[in-house]
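Analysis of the macromolecular model
Read off the chains here:
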Amino acid sequence: MCRCMKMSDKNTLILSHAEQKLAKSAPCSPQVVPTPLWAELERHELELTNNIRYYGHNSTQVAKALNAIGLFYQYMMQDQIQALFYHEQAFQIQHKLSLQNDSIATLVDIANLHEVRGEIQQALAFHHQALLLVETLDNVSKTDPRLFSIKRSIERMSRV
């Protein structure tokens, strides 16, 4: 949670201990956020704060909230560095909790961010990691759309 960006001069934000720890390690984005986007980002951050307080830092709910913030930065703000930060935090929790299906989606998000940044080798590595997870799932069909999508992304990037 980067606090370099200010909502307004009148608003100050009070962070919990967990939020402060997370905020100190988050990269800061120099861009100014329009007010409607700020409100949406603030809503996601509030959900994260509440989930940390209620479920603890290492929970499915916290990982989902981190991913939501990552997706917000990825698609709404076009800020790949912030998006990577939040997706990586979510993946650490998902991996720790053995949430394979959630981990697959997050790994694909991370791979897509690396691809957008032109970091093709890193993108391929994350896609391969996601593919390996899909292939180790019980009862995964050969027609599982995740298999097709990840393999197609690997093939496309391998041609570059």
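Presented here is an overview of the structure given in this document.

Here is what the cut-offs are and how they apply
Residues numbered from 1 in each chain as written. Predicted model: local features only at pLDDT ≥ 70, side-chain atom pairs only at ≥ 80, totals over all residues. Heavy atoms only, no water. Patch = residues over 30% accessible without salt bridge, like charges linked within 9 Å, V, L, I, M, F, W, Y side chains within 5 Å. Areas by Shrake-Rupley, 256 points an atom, 1.4 Å probe, with all protein chains shown as cover. Salt bridge = Lys/Arg side-chain N within 4 Å of Asp/Glu carboxyl O. Helix = DSSP H or I, 4+ residues; strand = E, 2+ residues; numbered from the N terminus. Buried < 20%, exposed > 50% of the residue type's maximum accessible area, 1.4 Å probe, protein only. Core = buried A, V, L, I, M, F, W, Y, C linked by side-chain atoms within 4.5 Å. Expected span 1.5 Å × (residues − 1). Polar contact = N/O pair within 3.5 Å; in protein donor to acceptor, adjacent residues only side chain to side chain. Contact = heavy atoms within 4.5 Å. Phe/Tyr/Trp six-rings, centres within 6.5 Å; stacked < 30°, edge-to-face > 60°. Axes fitted to C-alpha atoms, helices over the stretch in contact; angles between N-to-C directions. Parallel < 35°, antiparallel > 145°, perpendicular 65-115°, else oblique. Left-handed = near helix turned anticlockwise from the far one by under 90°. Nonpolar A, V, L, I, M, F, W, Y, C, P; charged D, E, K, R; others polar.

1. What about a nonpolar patch on the surface?
- On the surface, L71, Y75 and M76 cluster together into a nonpolar patch covering about 300 Å² of accessible area.
- With respect to the helices, strands and loops of the structure, M76 is situated in helix α3 (residues 60-76).

2. Section: the pattern of salt bridges
- The final tally for this structure, using the stated rule, is four salt bridges.
- Ionic pairing is found between R117 and E119, a salt bridge with its closest N-O pair at 3.2 Å.
- For R117, a relative accessible area of 38% gives the class partly exposed.

3. Brief notes about the nonpolar core
- Within the largest apolar cluster, 37 residues are counted, with the highest numbers of intra-cluster contacts made by L48, L66, Y73, I104 and I150.
- Mapped by element, the contributors of at least two residues to this core are α2 (35-55), α3, α4 (80-96), α5 (100-116), α6 (120-136) and α7 (145-158).

4. Description of α4
- A rise of 1.5 Å per residue sets the reference length of α4, with its 17 residues, at 24 Å; its end C-alpha atoms lie 24 Å apart and thus fit the reference within 8%.
- Across the 17 residues of α4, twelve count as buried, placing the element largely inside the fold.
- Of the positions making up α4, those classed as buried are Q80, Q82, A83, L84, F85, Y86, H87, Q89, A90, F91, I93 and Q94.
- Its side-chain oxygen placed 3.4 Å from the backbone nitrogen of I81, D79 serves as the N-cap of α4.
- Of the residues one or two after α4, S98 is the one with positive phi, at around 55 degrees.

5. Overview of the environment of V62
- Along the chain, V62 turns up in helix α3.
- Sequence spacing of V62 and N51 is eleven residues, and the spatial spacing of their C-alpha atoms is 5.5 Å.
- Aside from chain neighbours lying at most four places away, what touches V62 is L48, N51, I52, G56, H57 and I93.

6. Considerations on the side chain of Q74
- Note on placement: Q74 falls in helix α3.
- Not counting residues within four places of it along the chain, the set of residues in contact with Q74 comprises D79, A83, H87, D109, N112 and L113.

7. A word on the packing of aromatic side chains
- Counted under the stated rule, the structure contains four aromatic pairs.
- Summarising the aromatic geometry, the rings of Y54 and Y55 are spaced 4.6 Å apart at their centres and angled 85 degrees between planes, so their arrangement reads as edge-to-face.
- Classification of Y55 as partly exposed rests on a relative accessible area of 41%.
- Ring centres of F72 and Y73 lie 6.2 Å apart, and the angle between their planes is 85 degrees; on these two criteria the pair is classed as edge-to-face. For the pair formed by F72 and Y73, the shared burial category is buried.

8. A closer look at the packing of α2 against α3
- At their nearest, the axes of α2 and α3 sit 8 Å apart, and the two run at 165 degrees to each other. By the angle class used here, α2 and α3 are roughly antiparallel. Crossing of α2 over α3 shows left-handed handedness. Contacts from L37, E40, L41, H44, E45, E47, L48, N51, I52 and Y55 in α2 reach Q61, V62, A65, L66, A68, I69, F72, Y73 and M76 in α3.
- Its residues assigned to classes, the contact of α2 with α3 shows 13 nonpolar, three polar and three charged.

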